[in-house]
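Secondary and tertiary structure notes
The lines below spell out each chain.
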Number of protein chains: 2
Amino acid sequence: MAVTLKEVAERAGVSRSAVSRTFTEGASVSARTREKVEKAAKALGYQPSLIARSLATNRTKLIGLVANNFQNPAFLDVFDLFTSELQKRGLRPLLVNLSGDTSPKKFVELLRQYSVDGVIVATSTLPTSFANAFQTAGIPVIHTFGKYQANANVHVVGINNEHCGSMAARTFADRGYRSVALLGGPETATSTKDRTAGFLRTSNELGLSVVAKVFADNYTYRAGREAMADLMKTETIEAVFCGDDLICMGAMDAAKAAGKSIPQDIGFLGFNDIAMAGWDAYSLTTIRQPIRDIIMSSVELVVGMVENPDRSPEIRLFPCTVIDRGSLRPTIGPDS
Amino acid sequence: MAVTLKEVAERAGVSRSAVSRTFTEGASVSARTREKVEKAAKALGYQPSLIARSLATNRTKLIGLVANNFQNPAFLDVFDLFTSELQKRGLRPLLVNLSGDTSPKKFVELLRQYSVDGVIVATSTLPTSFANAFQTAGIPVIHTFGKYQANANVHVVGINNEHCGSMAARTFADRGYRSVALLGGPETATSTKDRTAGFLRTSNELGLSVVAKVFADNYTYRAGREAMADLMKTETIEAVFCGDDLICMGAMDAAKAAGKSIPQDIGFLGFNDIAMAGWDAYSLTTIRQPIRDIIMSSVELVVGMVENPDRSPEIRLFPCTVIDRGSLRPTIGPDS
DNA sequence: AATTTCTTTGCAACCGGTTGCAATTTTTTC
DNA sequence: GAAAAAATTGCAACCGGTTGCAAAGAAATT
């Protein structure tokens, strides 16, 4: 069906090697030969088969992209950036949907079968051991949104969650909140644990009291709503730090439904800065995770890994920033 | 590096064919041989290379998934369903991000190089000719969310947009609206054109007057907001039919910002039924597109195409339904 | 013009599987 | 227990490229 090297070679009156070389970067071919080959290739509509090339070169230019959160709008950005960034470099993403699975075994096998050149594990809810399994299997891997660990043996690109939790507490303190609550994401997620730790530590340091602590069991509006219902049993909460914008919006709606106004009666601080956070209906003050930087850096790193697999593991953390909108009361000036 | 067939064969004391056959569905191997091979394979950690297999069988089990709308939450469902549905069948999605490009040439070449078994073009904004280009190149293709055409030569799975537009007009009429407006998606999209046609035709038939007609230039909240500002110059609008929920939410916020209340002062009817439509802040009455059915059917069809490429082009249209929430006033009873 | 050096070219082996075919082994039949 | 039928096995060619190597050709040097 498809046109092959051999046919092009015959038509151009050269050897198969010559054809191969005209299509390989930096190979040695004379201008005359190249011209003949290109003409023949064009005439025949020849496209080199990447499959065959992969077999010979042991490189597929396929990068696995494994994710387990296909319902959060934050992942729209992730997919968009990943695909276009890989595309720019002539690579292709092979999408893997974990959908609930937490054991890497099956997926390591799968990606090995496809001989992907590298894998990006984009999730904040899985332990480091997950990404590690790819490493062990000899597949270059980056754990994007992963946990920062001093003794890491896997590349990690993301943020310092502990620090972000701390930042949330400081933000509350700056605005004069004293009695605050935490509405975290799934409790087992490393990101949740770290943020919680940072939040509690700094709250303590700054004299805030964390009067309630609840965890949503997934990153959804509904989970946020339900968790907030729980939280409202505690009367004294002045502000809530949420583990995710989606959860936060659910929580805000629960508060509104209970007759509270935001930020007068209760303040909310989100996490991620998804597009909806900027919508009038929520106008959510939130901690922005620099997804673009994280993705670009991850892609760059995975490409680097493919070229030099023995590169020693790097941790790349990007700073988060508070995006001020309307769900928290304003900062207290120095003279008030 | 990786373990190969040959090594397994040697360890098991059989021929390479025998090993190959133990790993091929329905091939003829005795229980004794199979056992020996499996033991050797396990010991060595053997994984057959799909690349090599692809070269020999001319099947890659790769399905291209091309999309150009990575910012709409509706696509979260699309990606989720596509990936998990393919996964179930032992296939893999190769994601392609059109990001603005509208010429198929580059992408046909790309997907041919990867020898994908089939392609799903998931977009409502590109002409039929786009999907057609794959067909012409000999790649089985499904145009998901594509335009229904009587003389189609490409499989199409989606909805009847003309009919949906009509449904919108009928919905307005049922609730006693008389003076209505259209806030469409991108004007060049076939889906927009068809819905507009249906909406205008039925409005006319039912005696509604369409007092304004505007098109957002992309499927975003912002575009909806801006378009609504335009629309509000027309004083007499009682209800707006939007080409997309995201656009609709932007429009609703523009209306609210202008002091209108929904649905008392103005009604809104969305399209798609994304998750946010159900959120309290919007409580959007919208026309639901059965994305799950559409995706499942597309996958099933593309698999069918791979097995029998000469299958004649099918059109599969699924019905849309109005999801009643709070952005339109209630239906007028027969006796009021 | 002869020698040396640098490029270009084709040959042939290889990447890791599959598969038609003929030979061999096993099972069934009488 | 022999003949016929069915199942299993290995050989070898093939899928469509790449690449090390040696031979051939072109360019540079003396």
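Here the structure is a predicted model, which is why all the values come from computation and not from measurement. Throughout this document, residue positions are counted from 1 along each chain, in the order its sequence is written. Labels follow written order: the first chain is A, the first ligand is 1, and so on. Local features in this predicted model are restricted to residues whose pLDDT is 70 or higher, and side-chain atom pairs enter the listing and the counts only when it is 80 or higher, whereas totals over whole chains, interfaces and linings include all residues. Side-chain numbers come from the whole structure's heavy atoms, not from hydrogens or water.

1. Observations concerning the interface of chain B and chain A
Residue contacts follow a heavy-atom distance rule, with two residues in contact if any of their heavy atoms lie within 4.5 Å. Each partner contributes residues to the interface: chain B has 48 residues there, and chain A has 48 residues. Counting each side, the surface lost to burial between chain B and chain A is near 4,500 Å², with a carbon and sulfur contribution of 61%. When a carboxyl oxygen of Asp or Glu is within 4 Å of a side-chain nitrogen of Lys or Arg, the pair counts as a salt bridge. At the boundary of chain B and chain A, one finds two salt bridges. One salt bridge in this structure joins Asp280(A) and Arg225(B), with 2.9 Å as the shortest N-O distance. The numbering of helices and of strands both runs from the N terminus, where a helix is a DSSP run of H or I of at least 4 residues and a strand a run of E of at least 2. Of all the secondary-structure elements, those providing two or more residues to the side of chain B that touches chain A are helix H4 (50-57), helix H5 (74-88), strand S2 (92-97), helix H6 (105-113), helix H10 (221-231) and helix H11 (245-257) of chain B. Each residue gets one of three labels, nonpolar for Ala, Val, Leu, Ile, Met, Phe, Trp, Tyr, Cys and Pro, charged for Asp, Glu, Lys and Arg, and polar for the others, Gly among them. Each residue belonging to the side of chain B that touches chain A can be placed in one class, and the counts come to 26 nonpolar, 13 polar and nine charged. When two parts are put together, the accessible area they lose, computed with a 1.4 Å probe and summed over both, is reported as buried area.

2. Details of the domain arrangement of chain A
Accessible area lost during the coming together of the parts is what is often quoted as the interface size. All names here are of chain A. What the domain assignment lists for chain A is domain 1 (5-57), domain 2 (62-158 + 291-317) and domain 3 (161-289). Domain limits in this description derive from either an automatic procedure or a database domain assignment. The C-alpha centroid of domain 3 is placed 28 Å from the C-alpha centroid of domain 2. Of the roughly 1,000 Å² buried at the junction of domain 2 and domain 3 (both faces included), carbon and sulfur atoms supply 55%. At the junction of domain 2 and domain 3, the tally comes to one salt bridge. With a shortest N-O distance of 2.9 Å, Lys147 and Asp194 are connected by a salt bridge. In protein, a polar contact requires one atom able to donate a hydrogen and another able to accept it; more generally it is a pair of N or O atoms within 3.5 Å, and residues adjacent in sequence count only if both atoms are side-chain atoms. Our count for the domain 2 to domain 3 interface comes out at five residue pairs in polar contact (both at pLDDT 80 or more). Its residues assigned to classes, the side of domain 2 that touches domain 3 comprises seven nonpolar, five polar and one charged.

3. Looking at the protein's contact with DNA strand D
Any residue with a heavy atom positioned within 4 Å of a molecule or strand is treated as near that molecule or strand. The full set close to DNA strand D counts 27 residues, and Leu5(A), Ser20(A), Arg53(A), Ser30(B) and Thr33(B) are the nearest of them. Near-protein atoms of DNA strand D (within 4 Å) split between backbone and bases, with sugar and phosphate holding 56%. At 2.7 Å from a phosphate oxygen of DNA strand D is found a side-chain nitrogen or oxygen belonging to Ser30(B). A per-element tally of the surface near DNA strand D places helix H4 (residues 50-57) of chain A first, with five residues. Taken together, the residues that form the surface near DNA strand D break down as 12 nonpolar, 11 polar and four charged.

4. Details of the protein's contact with DNA strand C
Lining the immediate surroundings of DNA strand C are 27 residues, of which Ser30(A), Thr33(A), Leu5(B), Ser20(B) and Arg53(B) lie closest. Of everything in DNA strand C that lies within 4 Å of the protein, sugar and phosphate atoms constitute 56%. Side-chain polar atom of Ser15(A) to a phosphate oxygen of DNA strand C: 3.0 Å apart, as the coordinates give it. In the model, a sugar or linking oxygen of DNA strand C is placed 3.1 Å from a nitrogen or oxygen of the Tyr46(B) side chain. Here the surface near DNA strand C is composed, by residue class, of 12 nonpolar, 11 polar and four charged.

5. A word on the pattern of salt bridges
All names here are of chain A. Under the counting rule described, the total for this entry stands at 32 salt bridges over all chains. With its nearest N and O atoms 3.2 Å apart, the salt bridge here joins Lys88 to Glu85. Pair noted here: Lys88 and Glu85 are both in helix H5 (residues 74-88), with a separation of three residues, about one helical turn. Under the relative-accessibility criterion, Lys88 is labelled exposed at 65%. With a closest N to O distance of 2.7 Å, Asp324 and Arg175 form a salt bridge. Remark: Arg175 occurs in the loop between helix H8 (161-174) and strand S6 (179-184) and Asp324 occurs in the segment after strand S12 (321-323); sequence separation between them is 149 residues. Burial classification: accessible surface area is computed with a 1.4 Å probe over protein chains only, and a residue below 20% of its type maximum counts as buried, one above 50% as exposed, and the rest as partly exposed. Among the residues examined, Arg175 registers a relative accessible area of 4% and is labelled buried. Each member of the salt-bridge network shares a partner with another, and the members are Glu300, Arg311, Glu314 and Arg316.

6. Focus: the relation of the copies chain B and chain A
Copies overlap after least-squares fitting; the atoms used are the C-alpha atoms of residues with pLDDT of at least 70 in both. Each copy of the sequence occupies a distinct position, and chain B is placed on chain A by a rotation of 180° and an axial shift of 0.1 Å, giving an RMSD of 0.1 Å. Both copies are brought into coincidence by an operation consistent with a two-fold rotation axis. Among all residues of chain B, the minimum C-alpha distance to the rotation axis is found for Leu94(B), at 2.6 Å. A shared interface surface links the copies, since 100% of the contact residues of chain B are contact residues in chain A too.

7. Details of unusual backbone geometry
Residues and elements named next belong to chain A. Going from Ile262 to Pro263, the amide bond is cis rather than trans, its omega being 5°. In this structure, Pro263 sits in the loop between helix H11 (245-257) and strand S9 (267-272). For Asn272, which is not glycine, the phi dihedral falls at a positive 120°. Relative to the assigned elements, Asn272 resides in strand S9.

8. Observations regarding the pairing of strand S3 (residues 118-122) of chain A
Residues and elements named next belong to chain A. Within S3, five of the five residues are buried, which leaves the element mostly enclosed by the surrounding structure. Burial of the side chains of S3 extends over both faces: Gly118, Ile120 and Ala122 are buried on one face and Val119 and Val121 on the other. Pairing between strands requires that DSSP locate at least two bridges from one strand to the other. The sheet contact formed by strand S1 (residues 62-67) and S3 spans five bridges and is parallel. If you follow Ala67 over to S3, its bridge partner there is Ala122. Of the strand pairs in this sheet, S3 and strand S4 (residues 141-144) are connected by four bridges, and their pairing is parallel. Bridge pairing links Val121 to His143 in S4. Clockwise travel from the first strand over the helix to the second, with the strands pointing away from the viewer, marks a crossover as right-handed. Chirality of the crossover, the property in question, places the unit of S3, helix H7 (residues 128-136) and S4 among those that are right-handed.

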